[in-house]
Amino acid sequence: RKEVEQDPGPFNVPEGATVAFNCTYSNSASQSFFWYRQDCRKEPKLLMSVYSSGNEDGRFTAQLNRASQYISLLIRDSKLSDSATYLCVVKNTGNQFYFGTGTSLTVIP
Amino acid sequence: GAGVSQSPSNKVTEKGKDVELRCDPISGHTALYWYRQSLGQGLEFLIYFQGNSAPDKSGLPSDRFSAERTGGSVSTLTIQRTQQEDSAVYLCASSLAGGWYGYTFGSGTRLTVV
C-alpha cells in the first residue's frame, strides 16, 4: 500500500467554484502534513502546512482527520491561477517526506 | 543563498556516460534531500542528508547512483553509466533540521539520456 494516495483527477471547475481534494495516508504515526502546489514543468512549492485543528490561508482551507487518516484541501472562489497539480505530503518519524502523485486542477474561464 | 540552486538546469547525455548534478541549499538549512520525478509521475525519494549524520541512502535505485555533501552545504548527485530510464527531473530540497515546516525545492535538473 502506498504511503500517500490521492485522486489524480483531473478536476475541471469553472472560475469561482469551490473544489476540495482529499488525500489518505497509511501510517498512523505520521507527524506532519503539507500541501504543495506544482505548476507544469516547475518544482513543487509549499502551499500550506496542515495542522490538527485545521487552518485557513485566504481562500485555502486545510483539514486533518487523524482518526480516518486523511487530509483535505478546500479552495474557495477558484481563480484561473489556481490551475496546477496539488501534492499531498506526509512526514513520518523518519527522515522521508512521502509525496502523493498529485491531483490535477484546471480552472476554466 | 536566497533559494535552493541547482545546476545544470538541463543535461543531455549519452547512454553509458557519467553525470554530476549539483545542489546548493539555502544557507543555514542543515537538511538536504534529493528526489527525482519522471514524466507524469510522483516524486521518488533518493537520499537525505542531515548535518554530519550518515546519509539516508535508502531511496537510491541502484549502485550507479551516489551522492555526497561537502562541508554540510553543497551536494553532488552522481549517476554512473547512465541508462535511458534515468531520464527524469532531479529535484533537490533543503530545510531546517527535521523538516517540520516543510522544505524548499530547487528548480531541478532535467536529465535526458539518449
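That block above? That's the structure.
First things first, this report covers the structure right here in the doc. Nothing here was measured: the structure is a model prediction, and the numbers come from that model.

### Observations concerning the interface of chain A and chain B
- Listed per partner, the contact involves 16 residues of chain A and 20 residues of chain B.
- Summing both sides of the interface, chain A and chain B together bury roughly 1,600 Å²; the carbon and sulfur share of this comes to 55%.
- Where chain A touches chain B, the interface holds zero salt bridges.
- For the pair chain A and chain B, the interface holds three residue pairs in polar contact (both at pLDDT 80 or more).
- Elements supplying a minimum of two residues to the side of chain A that touches chain B: β4 (32-38), β9 (84-91) and β10 (97-99) of chain A.
- Counting residues per element, the side of chain A that touches chain B draws most heavily on β4 of chain A, which supplies four residues.
- Broken down by class, the residue content of the side of chain A that touches chain B amounts to seven nonpolar, six polar and three charged.

### Observations regarding the pairing of β9 of chain A
Residue and element names in this part refer to chain A.
- Within β9, seven of the eight residues are buried, which leaves the element mostly enclosed by the surrounding structure.
- Relative to β10, β9 runs antiparallel, the two being bridged by three bridges. Residue pairing for β10: Lys91 is matched across the bridge by Phe97.

### Considering the pattern of salt bridges
Residues and elements named next belong to chain A.
- A full pass over the atoms with the stated rule returns six salt bridges over all chains.
- Between Arg37 and Asp39 there is a salt bridge, with the nearest N and O atoms lying 2.9 Å from each other.
- In this structure, Lys79 engages Asp77 in a salt bridge whose closest nitrogen and oxygen atoms are separated by 2.9 Å.

### Structural notes on the nonpolar core
- Ranked by internal contacts, the top residues of the largest apolar core, which has 23 residues, are Phe21, Trp35, Ile71, Leu73, Ile75, Tyr86 and Leu105 of chain A.
- Listed by contribution, the elements that provide at least two residues to this core are β3 (19-25), β4, β5 (45-50), β7 (60-65), β8 (70-75), β9 and β11 (103-108) of chain A.
- Among all residues touching Ile71 of chain A, those that are not within four sequence positions of it are Phe21, Asn22, Cys23, Tyr25, Phe33, Trp35, Val50, Gln63, Leu64, Cys88 and Val90 of chain A.
- Of all hydrophobic cores here, the second largest spans 20 residues; its members include Cys23, Leu32, Ile79 and Tyr90 of chain B.

### With respect to the sheet that holds strand β1 (residues 4-6) of chain A
All names here are of chain A.
- Read across the open sheet, the five strands follow the order β1-β3-β8-β7-β6; overall the sheet is antiparallel. The open sheet has two edge strands with one neighbour each: β1 and β6 (55-57). Put simply, the sheet's adjacent strands are angled 20 degrees from each other on average, direction ignored.
- Taken together, the six bridges between β7 and β8 define a ladder with antiparallel strand orientation. Across the sheet, Thr61 pairs through a bridge with Leu74, a residue of β8.

### Some points on the sheet that holds strand β1 (residues 5-7) of chain B
Residue and element names in this part refer to chain B.
- Taken in spatial order, the four strands line up as β1-β3-β7-β6 in an open sheet, and their pairing is antiparallel. The outermost strands of the open sheet, each flanked by one partner alone, are β1 and β6 (65-69). Direction aside, the axes of adjacent strands within the sheet are offset by 15 degrees on average.
- Examined bridge by bridge, β1 and strand β3 (residues 19-24) share three bridges and lie antiparallel to one another. From the neighbouring strand, Gln6 faces β3, where its bridge partner is Cys23.

The rules behind the values
- Residues numbered from 1 in each chain as written.
- Chains lettered and ligands numbered in written order.
- Predicted model: local features only at pLDDT ≥ 70, side-chain atom pairs only at ≥ 80, totals over all residues.
- Heavy atoms only, no water.
- Contact = heavy atoms within 4.5 Å.
- Buried area = accessible area lost by both parts, 1.4 Å probe.
- Salt bridge = Lys/Arg side-chain N within 4 Å of Asp/Glu carboxyl O.
- Polar contact = N/O pair within 3.5 Å; in protein donor to acceptor, adjacent residues only side chain to side chain.
- Helix = DSSP H or I, 4+ residues; strand = E, 2+ residues; numbered from the N terminus.
- Nonpolar A, V, L, I, M, F, W, Y, C, P; charged D, E, K, R; others polar.
- Buried < 20%, exposed > 50% of the residue type's maximum accessible area, 1.4 Å probe, protein only.
- Pairing = 2+ DSSP bridges.
- Core = buried A, V, L, I, M, F, W, Y, C linked by side-chain atoms within 4.5 Å.
- Axes fitted to C-alpha atoms, helices over the stretch in contact; angles between N-to-C directions.

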